[in-house]
Structures are given as structure tokens and as C-alpha cells.
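# Fold and contact review
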Amino acid sequence: MLMTRKQFLTGAAVASGGLAIRPATAASHYVIRFGLDLSTDHPTTVNATEAAKKIKDATDGAVDVKIFPNSQLGDDTHMLSNLRSGAMQMMAIGDNILATLVPSAAIDNIGFAFKSPEMAWNTLDGAVGDIVRADIAKTGLIPMHRIWDEGFRQITASTKQINTPEDLHGFKIRVPPSPISLSLFQDLGAAPATINVSELYTALQTHVVDGQENPLGNIETQKFYQVQKYCSLTDHMWVGYWLLANGMFWNTIPANYRKIVEDTFDAQAQQQRAANQKLDGTLEAKLKQQGMEFATPDKALFQSALVKSGFYKTWKAKFSPALWAALEKATGLTA
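Computed from a predicted structure; not experimentally measured. Each chain has its residues counted from 1, following the order in which its sequence is written. A pLDDT threshold of at least 70 governs which residues receive local features in this predicted model, and a stricter bar of 80 or more applies before side-chain atom pairs are shown or counted, although totals over entire chains, interfaces and linings include all residues. Just so you know, side-chain values use all the structure's heavy atoms and leave hydrogens and water out.

## A short note on the side chain of Asp64
Structurally, Asp64 is set in strand 2 (residues 63–68). Three labels apply to residues, based on accessible area from a 1.4 Å probe with only protein chains included: buried if under 20% of the type maximum, exposed if over 50%, partly exposed otherwise in between. A relative accessible area of 10% means that Asp64 is categorised as buried. Here, residues are in contact when the closest pair of their heavy atoms is within 4.5 Å. For Asp64, the residues in contact, after removing those within four places along its chain, are His29, Tyr30, Val31, Ile32 and Lys56. In DSSP terms, a helix is any run of H or I states spanning at least four residues, a strand is any run of E spanning at least two, and both are numbered starting from the N terminus.

Here it is in C-alpha cells:
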């Protein structure tokens, strides 16, 4: 039996798990496998799921975004590799981890750069974000315009409260596989170890490390309060989630559908930001009920320690002058 070219292409797409690039026609069906490392009840997952529903409705089912939370598609490093190869089509990734591929993505992780979440959002929606988005595009990935909110990171511990930089000296703390996170805690005198979040609970439970640092939302949804007693509200770093698409796959989708996908995710980013901050505002009380003890240290002590260590001068030299100038203009931070 002779096979037509259309039948051959369809069969090839099925055989390869749908990864073959298909002609961008209005009649095509586009399945987007979207991976992230957060739990199903985290605002990022909830709002990504809502965006997926809206996209499916707006495209009459032509674009079907399937959300895979809880590191179902692998840890962040694994998913980023698969995204680049085309084995998956979209992911949400923390800027601190994305920085292993796109160094400029770490610009908003500069210690104590932002005074509020709103300052961080405005900075990343503006000139700083424009530079980072252009750098992401150079890697063959397509960023949505608006970054999603993970929030300010706080330090937790199983053995003691962290009130001063001296309390961190020699302290075994987990950080994500992020150069700037590793640098910040090394400069504060800690003994940081890079561990993916999918392995973190076990690492805390078995005392491979005695502490970690994450936003309150992650501390609650990942149930770290079960293996950590103390929480220090340091606000030492703000982290956002970039929503990225594989560029080759993205370009197979008709322009009108691409606009719907991007506009929907960007609109949902506004909802996610509000939801994440609302959650964050309720969590200290909830975590106290779950047994955690809180401290509010003087952040200036930690920032001063970073100044003395040369942290800011080191990282200023790693970024382009244009990027650092944009950050200074938005935040007032100087090296």
C-alpha cells in the first residue's frame, strides 16, 4: 500500500511522541507539555492550570497545555535540558537556576536588591527584564513577557535560629543549583550545598544539611516545617519564575495561537503575583501553628556582611554595564 506524504508525517509524529515538527496550519492540534517543580496547590501551579484552561477555550481546543507539577518531568536541571532538546515544550523555572544557562537571569537575585515584590515586578517588566528576555532568546528559548512571583526567600534551620551573619558561619545550608545562591551564602560564611528541590525534604530529614532557604509558600507547600523548627525572615533574595517555551516548537504554532498563549500566561501572571503574595501574608501564622518559631533579624547586618565580602563588586563585574545600570536605576542599589 502506498503511503501519502501527509500519512507519513502523521505517523512520524506519533512514533516520536509528537515531537516531529508539523506544518503550522489552523487545523493542527498542539500539545504543550508544561513542567514545573512546585506542588499542585502552589499558586504558580494553580494559575498555570487556569491559564491552560483559558488557552484551550480561546483556541477551540487547538492548543492543549498539559501541566505537570511536582517535578513529574524531572528536576529543574533535567527539565531545562529536555526543554532545550524539544523533549518537552514549556516549563516554569526559577531565575536563579535559569542563570546556569543565561547568566543575566541572576540579576534580580542580587542580595537585598528589592524593597518590595512590586519593585521586583516593575523592574523585571521593564528595562532589566528586556535585557534578560533578549539573552534568553539567544539560547533558542522563548520567554513569556511577565515573570511570575516566587517571592522573598527566608532561612530555616533545624538546630538554631539565624539572627546574625555570625550564626551562618559553618552552617550547612541547602541552596538550589544556582551560582549566585552559592556565592551569597559562601560570602556570608555558611557551608552551602547545592541540592535540587525534589531531593530537599529527604536531605533535611537525614541532616545532610541542617537548613535551607525558600519563600514561605514553598516552605509550607513542600512541608519543610515538618523537618525544620526555626525560620528567620531575612528577605535576602527575591526569586521569580520565568515561563519558557522551546523555540523550534513555538515557531510551528500559528502566530494567532502564539499570541493567545503568551497573552494568557502574561495576564495570569498578574493573578499569580497577587495570589502568591496573599498566600505569603498568611503563612507565618499558619507555620507557627505547625510548630515553627520565627525571628525577624536586622537585614542591614547581612547586607553589610555582603558588602565587606565583596559580593556586590564581584557580581557587578559578572553582568554587562547596561544591565547593572538598569538595576541601579530601578532599585537604587549600588556596588
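## Some points on helix 14 (residues 321–331)
Every buried residue of helix 14 is listed here: Leu323, Trp324, Ala326, Leu327 and Thr331. Buried residues along helix 14 cover an arc of 160 degrees about the axis, so they all sit on one side. Residues of helix 14 that are exposed and point over 90 degrees away from its buried face: Pro321 and Lys329. Once helix 14 finishes, Gly332 follows within two positions and takes phi at roughly 80 degrees, a positive value. When we speak of the arc, we mean the arc of directions from the helix axis to the C-beta atoms.

## Topic: the packing of aromatic side chains
Between the rings of Phe, Tyr and Trp (Trp by its six-membered ring), a pair exists once the centres lie within 6.5 Å; its type follows the angle of the planes, with under 30 degrees stacked, over 60 edge-to-face, and the other angles tilted. Within this structure, the stated rule accounts for eight aromatic pairs. For the ring pair Phe319 and Trp324, a centre distance of 6.3 Å and an interplane angle of 20 degrees mean the geometry is stacked. Under the relative-accessibility criterion, Phe319 is labelled buried at 7%. The class for Trp324 is buried, based on a relative accessible area of 2%. By way of ring pairs, the aromatic residues Phe311, Tyr312, Trp315, Phe319 and Trp324 are connected into one cluster. We call a charge positioned above a ring when the Lys NZ or Arg CZ atom is no farther than 6 Å from the ring centre and deviates by at most 35 degrees from the ring normal. Taking NZ or CZ as reference, Arg33 lies 5.5 Å from the ring centre of Phe68, over its face. Taking the ring centre of Trp315 as reference, the NZ or CZ of Lys318 above it sits at 5.2 Å.

## Focus on the sheet that holds strand 9 (residues 211–214)
Strand order in the open sheet formed by six strands is 8-7-9-6-10-12, with mixed pairing between adjacent strands. Looking along the sheet, the strands with just one partner apiece sit at the ends: strand 8 (191–194) and strand 12 (293–295). Adjacent strand axes in the sheet meet at a mean angle of 25 degrees when their direction is disregarded. Relative to strand 10 (residues 230–232), strand 6 (residues 154–157) is paired through three bridges, and the arrangement is antiparallel. Here a strand pair is declared whenever DSSP counts at least two bridges between the two strands. To get an axis, a line is fitted to the C-alpha atoms, and for a helix only the part in contact is used. The angle between two axes follows their N-to-C directions and goes from 0 to 180 degrees.

## Quick look at the side chain of Ser183
Checked against the element boundaries, Ser183 lands in helix 7 (residues 179–187). Taking the relative accessible area as the measure of exposure, Ser183 reaches 12% and is therefore buried. Discounting chain neighbours no more than four positions away, the residues touching Ser183 are Phe311 and Trp315.

## Side note on helix 11 (residues 255–289)
For helix 11, built from 35 residues, the straight-helix expectation of 51 Å at 1.5 Å per residue is met to within 8% by its first-to-last C-alpha distance of 50 Å. Bend angle per residue: angle between axes fitted to the 7 residues ending at that residue and the 7 residues starting there. The largest bend along helix 11 reaches roughly 45 degrees and is located at Leu283. Buried residues of helix 11: Tyr257, Val261, Thr264, Phe265, Asp266, Gln268, Ala269, Gln272, Arg273, Asn276, Leu283 and Leu287, and no others. Phi turns positive one or two residues past the end of helix 11, at Gly291, with a value near 105 degrees. Multiplying 1.5 Å by the helix residue count minus one yields the expected span of that helix.

## Considering the pattern of salt bridges
By definition here, a salt bridge exists when the distance from a side-chain nitrogen of Lys or Arg to a carboxyl oxygen of Asp or Glu is within 4 Å. One pass over the full model with this rule turns up 14 salt bridges. Residues Lys138 and Asp135 are paired through a salt bridge, measuring 3.4 Å at the closest nitrogen-oxygen approach. Residue class for Lys138 comes out exposed when judged on its relative accessible area of 67%. You can call Asp135 partly exposed: its relative accessible area is 22%. Note that Lys299 and Asp235 form a salt bridge whose closest N and O atoms lie 3.9 Å from each other. Separated by 64 residues along the polypeptide, Lys299 in helix 12 (residues 299–309) and Asp235 in the loop between strand 10 and strand 11 (238–246) bring together distant segments of the chain. Exposure remark for Lys299: the relative accessible area of 29% places this residue in the partly exposed category. What makes Asp235 partly exposed here is its relative accessible area of 24%. Residues participating in the shared-partner salt-bridge network are Lys56, Asp64 and Lys66.

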